[in-house]
Amino acid sequence: MTRPTRERIVDEALRLFAERGYSATSVAEIEAASGLSPGAGGLYRHFKSKYEVLAAAVNEHASRTRSQVAGSLAELSTMESSVDLEERLSHVCRAGLAKVREESELTRVFFRDLSQFPELVAVVREGLLQPMFDAIVTWFQAQPEYRDAEVDWTGISAVLGGSVVHYRLFQETVGELPGHPEKDQFVAAWVRLAVGLLPTPAPVR
């Protein structure tokens, strides 16, 4: 099934911005990659400018993230009664890694170009990152095992969520993490840290 022209423009533009940079990508190149006649102005039938294409990509990724987070929380909630805690934690971590990997093109654009567009940085922060971190807080607070844990869940989400984001950022920027841990090693360590947050039973007297 042929994708709508607008969708092709957004997807191909983001790919080109990630590969070449925003400034180095021309409207004609976006048109050619989208299956339009390069230089004929087909892009302008859908967007007023190259910037508007970039803004559309960022906003659409943010909107999709909010829907995905809601769907993931709903899916995870069905696992609680039948799956042990460590497996649930592993699922949360792997879902986070998959989401960050999915946003690899936007990540490259973010670090290369978005500093010149603070309004789009705000969309990434509030529309992509914040929902992911909020979901961690929501999920942990919903688990019966953590009901009596006296911890700062906002701070915990920054540590656990930040480690997931940075795992992928290291791969995107320097190729691999210090120490060269494989993904399964990372997930196992993440789960172990999260299990360590369980409240310690009071000593029997």
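Residues numbered from 1 in each chain as written. Predicted model: local features only at pLDDT ≥ 70, side-chain atom pairs only at ≥ 80, totals over all residues. Heavy atoms only, no water.

Q: How do you make sense of the environment of aspartate 152 when you look at a structure like this?
A: The topology assignment puts aspartate 152 in the loop between α6 (118-142) and α7 (153-173). In this structure aspartate 152 comes out as exposed when scored by relative accessible area, which is 53%. Taking the C-alpha atoms as reference points, aspartate 152 and valine 137, separated by 15 residues in sequence, lie 9.4 Å from one another. Within the structure, the side chain of aspartate 152 is placed 3.2 Å from the backbone nitrogen of threonine 154, a separation counted as a polar contact. (Helix = DSSP H or I, 4+ residues; strand = E, 2+ residues; numbered from the N terminus. Buried < 20%, exposed > 50% of the residue type's maximum accessible area, 1.4 Å probe, protein only. Polar contact = N/O pair within 3.5 Å; in protein donor to acceptor, adjacent residues only side chain to side chain.)

Q: Can you walk me through the pattern of salt bridges in this structure?
A: Taken as a whole, this structure holds 13 salt bridges when the rule is applied. One salt bridge connects arginine 64 with glutamate 102, and the closest N-O pair in it is separated by 3.3 Å. A residue pair is termed long-range when its members are at least 10 positions apart, and arginine 64 in helix α3 (residues 50-77) and glutamate 102 in helix α4 (residues 85-102) qualify at 38 residues. Assessed through its relative accessible area of 35%, arginine 64 is described here as partly exposed. The exposure class assigned to glutamate 102 is partly exposed, which follows from its relative accessible area of 37%. In this structure, glutamate 103 engages lysine 99 in a salt bridge whose closest nitrogen and oxygen atoms are separated by 2.6 Å. (Salt bridge = Lys/Arg side-chain N within 4 Å of Asp/Glu carboxyl O.)

Q: Would you mind going over the packing of α6 against α7 with me for this structure?
A: Two measures define how a pair of helices packs: the angle their axes make with one another and the distance between the axes. Interaxial distance between α6 and α7 falls to 9 Å at its minimum, and their mutual angle equals 125°. Classified by the interaxial angle, the pair formed by α6 and α7 is oblique. Both α6 and α7 take part in a crossing whose hand is right-handed. Contacts between α6 and α7 involve Leu129, Phe133, Ile136, Val137, Phe140 and Gln141 on the former and, on the latter, Trp153, Thr154, Ser157, Ala158, Leu160, Gly161, Gly162 and Val165. Taken together, the residues of the contact of α6 with α7 break down into nine nonpolar, five polar and no charged. (Axes fitted to C-alpha atoms, helices over the stretch in contact; angles between N-to-C directions. Parallel < 35°, antiparallel > 145°, perpendicular 65-115°, else oblique. Left-handed = near helix turned anticlockwise from the far one by under 90°. Contact = heavy atoms within 4.5 Å. Nonpolar A, V, L, I, M, F, W, Y, C, P; charged D, E, K, R; others polar.)

Q: Looking at this structure, I do not really get α6. What am I missing?
A: Working note: α-helix, 3.6 residues per turn, so residues spaced by three or four point in the same direction. Across its 25 residues, α6 extends 35 Å between first and last C-alpha, which sits within 8% of the 36 Å expected from 1.5 Å per residue. Glutamine 130 marks where α6 bends most, by close to 40°; the proline proline 131 follows one to four residues later. (Expected span 1.5 Å × (residues − 1). Bend = angle between axes of the 7 residues up to and from the residue.)

Q: Help me understand the side chain of threonine 25, please; the structure alone is not making it clear to me.
A: Along the chain, threonine 25 falls in the loop between α1 (5-20) and α2 (27-33). Looking at threonine 25, the relative accessible area reads 1%, which means it is buried. At 3.5 Å, the side chain of threonine 25 and the backbone oxygen of leucine 16 are in polar contact.

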